[in-house]
Amino acid sequence: DVRDRMEALSLHSRMVHAYHSETNPSLEYNGEPTITFFAAWTTYLGYAVLIFVGHIRELCSKIFNRGRYLSHIGKNADYVSNDIASYAPLLKSFENFYTRRLYHRIQDC
């Protein structure tokens, strides 16, 4: 039957893709590709470095009072709506850390 043959070829193709080997076609395909330990470890290491560098940048911006994400109160006080001192902050500093320091850098990749 053609349908059975197509199913067998599809299963063989998925197993070759998942296990990178044609030598052991008897393994069952579980639907999730495997990832090597080295790839997982370097991914977590990259995230740890990004978080560490982000915290260092946060510390430096607080110490030197300069930085892209510091709110400049009274900078554009031409209009009443530009005075951000009269508004409550939407997020605390630590709540917005991921978006400021990690998400935009990861999005660029």
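What you are looking at is a predicted structure, and each value in this text was computed from that prediction instead of being measured.

Parameters at a glance
Residues numbered from 1 in each chain as written. Predicted model: local features only at pLDDT ≥ 70, side-chain atom pairs only at ≥ 80, totals over all residues. Heavy atoms only, no water. Helix = DSSP H or I, 4+ residues; strand = E, 2+ residues; numbered from the N terminus. Buried < 20%, exposed > 50% of the residue type's maximum accessible area, 1.4 Å probe, protein only. Contact = heavy atoms within 4.5 Å. Salt bridge = Lys/Arg side-chain N within 4 Å of Asp/Glu carboxyl O. Expected span 1.5 Å × (residues − 1). Polar contact = N/O pair within 3.5 Å; in protein donor to acceptor, adjacent residues only side chain to side chain.

Enquirer: Hey, could you go over unusual backbone geometry for me, with residue numbers and the actual values?
Expert: The phi dihedral of Asn65 falls on the positive side, at around 60°, and the residue is not glycine. Following the sequence through the fold, Asn65 ends up in the loop between helix H2 (37-64) and helix H3 (97-108).

Enquirer: Quick rundown of the environment of Gly54? Include the residues and the values.
Expert: Residue placement: Gly54 occurs in helix H2. Take Gly54: its relative accessible area is 3%, and that puts it in the buried class. Taking the C-alpha atoms as reference points, Gly54 and Arg100, 46 residues apart in sequence, are found 8.7 Å from one another. Non-local contacts of Gly54, meaning those with residues more than four positions away in its chain, are made with Phe97 and Arg101.

Enquirer: Describe the pattern of salt bridges, with residues and values.
Expert: Scanning the entire structure with this criterion turns up one salt bridge. Residue Arg101 pairs with Glu58 through a salt bridge whose shortest N-O separation is 2.9 Å. Of this pair, Arg101 sits in helix H3 while Glu58 sits in helix H2; the two residues are 43 residues apart in sequence, bridging distant segments of the chain. The residues Arg101 and Glu58 share a single accessibility class, namely buried.

Enquirer: Go over H2 with me, naming the residues and quoting the values.
Expert: Taking 1.5 Å of rise per residue, 28 residues should cover 40 Å, and H2 covers 40 Å from first to last C-alpha, within 8% of that figure. What H2 keeps buried is the set Gly54, Glu58 and Ser61. Looking at the buried residues of H2, the elements they touch are H3. Two residues or fewer after H2 comes Asn65, characterised by a positive phi angle close to 60°.

Enquirer: Outline the side chain of Arg101, listing residues and values.
Expert: Residue classification places Arg101 among the buried positions, given a relative accessible area of 5%. Of note is the side chain of Arg101, whose polar atom sits 2.9 Å from the side chain of Glu58.

Read these as spatial facts, not as claims about activity.
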